[in-house]
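Read off the chains here:
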Amino acid sequence: MLLDSNPTNSLMLEKLDRVRLKAKKKNAWPERHVIGIDEKPAPFHLAQNLTYDSERRIVALVGGAQLGKTGFLPHWLKREIDRCGKGDYLAVTSSAGLFQKKFLPEFLRVFEGIYELGRFWVGAQIFELKDPETGKYWANRVSDLMWGRVMLLSAQAKGSLESATAKASVLDEAGQDEFTIEAWRAVRRRLNLNHGRILITSTLYGMNWLTTEVVVKALDGGDTRVFELDNDASVEITDNEREGITLVQADSITNPSFPRDEYEEAKRTLPEDLFAMFYRGRLSRPRFMIYDCFDEQRHLIPRFRIPEEWPRIIGLDFGAVNMYAVFAAQDPENGKIYIYRVYHSGKKSANDHVRDILYGEPGRTICYGGAKAEGQWRTEFREAGLPIKEPRISDVWLGINKVYATLKEGSLFIFDDLKDLKAEFLGYRRKTDAAGIPTDEILNKNDYHELDGIRYFLPAIKRDRKFAIAFV
């Protein structure tokens with residue numbers, strides 16, 4: 001009788017083949033190595049090792065340009081798949097362009113080329129994971145059940161982020177504007193059931209949700225260790241048990257492949273804020289931040305019960321899909337203004353909007369809203385029972401100056417649970433030219449609906465104070 005004709009022996013041979021296959025793969029690529037510039041294994045540098053060793057729920061590697069962040073992501077995710085087993089995983093980058101040009105090729109080099117973990121379904125943007133016990137695929141079509149899937153997405157594909165219950169996720173370049181706070185929240189929801197871990201890698205590009213929801217939270221009460229390397233590179237690791245976050249911040253030259261002369265030239269020629277963010281991964285309040293006087297410690301306050309007799313005012317930013325209303329109350333004794341509520345809805349009639357906006361609001365409310373050309377919206381709301389006045393200041397920058405002055409003098413406060421409004425204050429900034437100099441143009445101007453609402457109503461309250469924003 002042939003050896004492989006015995007069912008027991010055949011099973012033993014199959015098991016032995018699987019062990020050999022695993023051993024071959026393990027030996028083919030050493031642990032804790034990325035693909036080097038010569039296409040050969042390159043050992044993790046210190047920042048990558050510190051990130052890899054963290055067991056926190058959220059791990060963020062925030063560093064300078066060319067630190068080796070994107071190339072590190074697939075190796076971390078592969079280990080999470082080994083730990084968590086069959087199921088769904090997410091790999092998300094900031095934009096469709098970055099996904100195609102950088103993230104997807106790097107991911108496939110590792111998952112397909114090095115580890116031979118599966119195959120890529122191009123149309124569906126899904127990487128199917130083979131059953132590690134059999135080395136076989138479960139699916140004949142993309143709609144079939146798979147042993148495991150890595151859904152490769154851009155943060156701009158918001159609907160796709162809601163389509164899975166995942167076990168772990170990696171987020172690439174999450175500090176870019178295209179990676180919105182809504183996308184971040186969608187990823188968190190997909191991981192709730194499995195208490196899945198998240199690795200975030202990014203350069204810092206400004207003040208946004210990555211800084212407020214991850215970096216600042218980690219630094220607030222976290223334990224920080226600093227490592228100084230022989231080449232003067234600095235790596236900081238902050239571990240915050242309360243928030244469940246590990247933050248690793250590293251200079252570009254932590255990566256041994258990064259040219260020292262490029263680093264020194266950037267240090268010599270760039271403004272300090274840009275150098276700190278782009279080449280060191282450290283927070284710096286950008287010069288191009290419009291409300292650079294906004295201070296979370298000063299202007300964000302805990303919610304309290306507002307007396308019903310305080311005057312109320314609402315600023316509306318009209319839109320068929322995105323209708324926003326920002327609610328404020330003024331203390332009649334000292335004139336201080338408190339923003340306490342934000343309304344956001346869409347695809348409703350003016351009657352429905354008026355009903356929902358006024359629900360729970362005591363007494364008479366004065367409303368301002370819309371640009372000068374949006375008279376039809378004001379007419380429809382007036383006919384629905386809510387008169388909307390045209391803003392006293394129609395010029396955008398004059399309105400911004402009024403808000404700036406009110407913040408500067410300490411008369412405007414925001415309840416700290418209005419997180420989207422906080423993100424708008426921190427993210428509102430000018431475009432920069434090729435030399436990094438701020439221009440008079442607002443970056444992504446149409447995305448800041450809540451700030452527009454404030455700009456519409458505030459001049460009706462604060463008429464006496466003048467303040468000019470300095471251009472650097």
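Notes on the structure follow. Residue numbers here run from 1 along each chain, matching the order of that chain's written sequence. Selection of residues for local features in this predicted model requires a pLDDT of at least 70, selection of side-chain atom pairs for listing and counting requires 80 or more, and totals for whole chains, interfaces and linings are taken over all residues. Excluding hydrogens and water, the side-chain figures rest on all heavy atoms present in the structure.

## A word on the packing of helix H12 (residues 396-408) against helix H14 (residues 449-461)
For clarity, the threshold we go by: For helices, the fitted axis covers only the stretch in contact; all axes are lines through C-alpha atoms, and the angles between them, taken along N-to-C directions, range from 0 to 180 degrees. Comment: elements are numbered from the N terminus, with helices defined as DSSP H or I runs of at least four residues and strands as E runs of at least two. Angles are sorted into four bins: roughly parallel if under 35 degrees, roughly antiparallel if over 145, roughly perpendicular if 65 to 115, and oblique for all others. Any pair of residues with heavy atoms lying within 4.5 Å of one another is described as a contacting pair. For this classification, the nonpolar set comprises Ala, Val, Leu, Ile, Met, Phe, Trp, Tyr, Cys and Pro, the charged set comprises Asp, Glu, Lys and Arg, and every other residue, Gly included, is treated as polar.
In contact at an axis separation of 9 Å, H12 and H14 are set at 70° when each is read in the N-to-C sense. Judged on the interaxial angle alone, H14 and H12 are roughly perpendicular. Contacts from Val396, Gly399, Ile400, Lys402, Val403 and Thr406 of H12 reach H14 at Ile454, Arg455, Leu458 and Pro459. The class makeup of the residues in the contact of H12 with H14 is six nonpolar, two polar and two charged.

## A closer look at the environment of Ile437
Here Ile437 shows up in the loop between strand E19 (430-432) and strand E20 (438-442). C-alpha of Ile437 to C-alpha of Pro271: the two residues are 166 residues apart in sequence and 9.2 Å apart in space.

## Points about the sheet that holds strand E16 (residues 337-345)
This is how the line gets drawn: In this scheme, strands are said to pair when DSSP sees at least two bridges between them.
Strand order in the open sheet made by the six strands is E13-E18-E16-E15-E14-E17, with mixed pairing throughout. At either margin of the open sheet sits one strand with a lone partner, and together these are strand E13 (300-301) and strand E17 (365-369). Here strand E15 (residues 323-330) runs beside E16; their pairing, made up of eight bridges, is antiparallel. Its bridge partner being in E16, Phe327 is matched across the sheet by Arg341. The sheet strands contacting H14 are strand E14 (312-317), E15, E16 and E17, and the helix crosses E14 at an angle near 135°.

## Brief notes about the side chain of Glu361
What counts here: Only protein chains enter the calculation, and the probe is 1.4 Å; a residue is then buried if its accessible area is under 20% of its type maximum, exposed if over 50%, and partly exposed in between. In protein, a polar contact means a hydrogen-donor-capable atom and an acceptor-capable atom, both N or O and within 3.5 Å, with residues adjacent in sequence counting only if both atoms are side-chain atoms; elsewhere, any N or O pair within 3.5 Å suffices.
Following the sequence through the fold, Glu361 ends up in the loop between helix H10 (350-358) and E17. Given the relative accessible area of 14%, Glu361 is considered buried. Looking at Glu361, its side chain comes within polar contact range of the side chain of Tyr340, at 2.5 Å. Sequence-distant contacts of Glu361, that is, excluding residues within four places in its chain, are made with Arg312, Phe327, Tyr340 and Arg341.

## Quick word on the nonpolar core
Note the following rule: Joining through side-chain atoms within 4.5 Å is the link that ties buried Ala, Val, Leu, Ile, Met, Phe, Trp, Tyr and Cys residues into a set, and such a set is a nonpolar core.
Within the largest apolar cluster, 54 residues are counted, with the highest numbers of intra-cluster contacts made by Tyr291, Leu316, Ile339, Ile357, Phe381, Phe425 and Ile454. When residues no more than four places from it in sequence are discounted, the contact partners of Ile454 are Val326, Ile339, Val403, Leu421, Phe425 and Pro459. Counting residues in hydrophobic clusters, the runner-up holds 40 residues, among them Val34, Ile35, Trp76 and Leu77.

## A short note on the packing of aromatic side chains
In this description, an aromatic ring pair is defined by two values, namely the gap between the centres and the angle between the planes. So the rule is basically this: Here is the rule: rings of Phe, Tyr and Trp (six-membered ring for Trp) pair when centre to centre is within 6.5 Å. Planes less than 30 degrees apart are stacked, more than 60 are edge-to-face, and the remainder are tilted.
Taken as a whole, this structure holds 26 aromatic pairs when the rule is applied. Ring centres 5.6 Å apart and planes at 85° place the aromatic pair Phe111 and Phe127 in the edge-to-face group. With Phe111 in helix H4 (residues 96-114) and Phe127 in strand E6 (residues 126-129), this residue pair connects regions lying 16 residues apart in the sequence. Across the pair, Phe127 and Phe111 agree in class, each one buried. With a centroid separation of 6.0 Å and an interplanar angle of 55°, the aromatic rings of Tyr205 and Phe278 are classed as tilted. Placement of the pair is Tyr205 in the loop between strand E9 (197-202) and helix H6 (209-219) and Phe278 in helix H8 (residues 272-280), with a sequence separation of 73 residues.

## Focus: the sheet that holds strand E12 (residues 245-250)
Taken in spatial order, the ten strands make up an open sheet running E5-E6-E7-E4-E8-E9-E3-E12-E11-E10, and their pairing is mixed. Strands with a single pairing partner mark the edges of an open sheet, and in this sheet they are strand E5 (118-121) and strand E10 (223-228). Pairwise comparison of adjacent strand axes, ignoring direction, gives a mean angle of 15° for this sheet. As defined by bridge partners, E5 adjoins E6 across four bridges and the pair is classed as antiparallel. Along E6, the bridge assignment pairs Gly118 with Leu129. Helix-sheet contacts for helix H3 (residues 73-84) involve strand E4 (87-93), E6, strand E7 (148-154), strand E8 (166-172) and E9, and the interaxial angle to E8 is about 175°.

## Regarding the pattern of salt bridges
Side chains that carry opposite charge are capable of pairing whenever their charged atoms lie near each other. Stated formally: Just to be clear on terms, a salt bridge is a Lys or Arg side-chain nitrogen sitting within 4 Å of an Asp or Glu carboxyl oxygen.
Taken as a whole and judged by the stated rule, the model has 30 salt bridges. A salt bridge links Arg83 to Glu55; the nearest nitrogen and oxygen atoms lie 3.0 Å apart. In this pair, Arg83 sits in helix H3 while Glu55 sits in the loop between helix H2 (46-53) and strand E3 (58-63), placing the two residues 28 residues apart along the sequence.

## Considering a nonpolar patch on the surface
Test applied: The residues that make up patches have over 30% relative accessible area and no salt bridge, and they are joined within 9 Å when like-charged or within 5 Å when they are Val, Leu, Ile, Met, Phe, Trp or Tyr. Residue burial considers only the protein chains on display, and all accessible areas are found by Shrake-Rupley using a 1.4 Å probe.
On the surface, Val216, Leu219 and Leu283 cluster together to form a nonpolar patch covering roughly 200 Å² of accessible area. Within the fold, Leu283 resides in the loop between H8 and helix H9 (296-299).

## Quick word on unusual backbone geometry
At Glu173, a residue that is not glycine, the phi angle is positive and equals roughly 50°. Tracing the sequence through the fold places Glu173 in the loop between E8 and helix H5 (181-191). Here Glu173 falls in the buried class, since its relative accessible area comes to 6%. Phi is positive for Asn444, which is not a glycine, with a value near 50°. Inspection of the secondary structure puts Asn444 in the loop between E20 and H14.

## Brief notes about the side chain of Glu296
With respect to the helices, strands and loops of the structure, Glu296 is situated in helix H9. Here Glu296 falls in the buried class, since its relative accessible area comes to 19%.

## A closer look at H12
Worth spelling out the cut-off: In this scheme, a helix's expected span is set at 1.5 Å multiplied by one less than its residue total.
With 13 residues, H12 should cover 18 Å at 1.5 Å per step; its first-to-last C-alpha distance of 18 Å lies within 8% of that length. Within H12, the full set of buried residues consists of Gly399, Ile400, Asn401, Lys402, Val403, Tyr404, Ala405, Thr406 and Leu407. Lining the buried residues of H12 we find H9, E16, strand E18 (412-415), helix H13 (419-427), E20 and H14. Where H12 begins, the capping side chain belongs to Asp395, and its oxygen is found 3.1 Å from the backbone nitrogen of Trp397. Directly beyond the C-terminal end of H12, a positive phi value near 80° is found at Gly410.

## Quick look at the environment of Glu80
Summarising the element assignment, Glu80 is placed in helix H3. Put simply, Glu80 and His353 are 273 residues apart on the chain and 46 Å apart in space, counted from C-alpha to C-alpha. Look past the residues within four positions of Glu80 in its chain and what remains in contact with it is Gly85, Tyr89, Ala168 and Arg197. Separated by 2.8 Å, the side chains of Glu80 and Arg197 make a polar contact.

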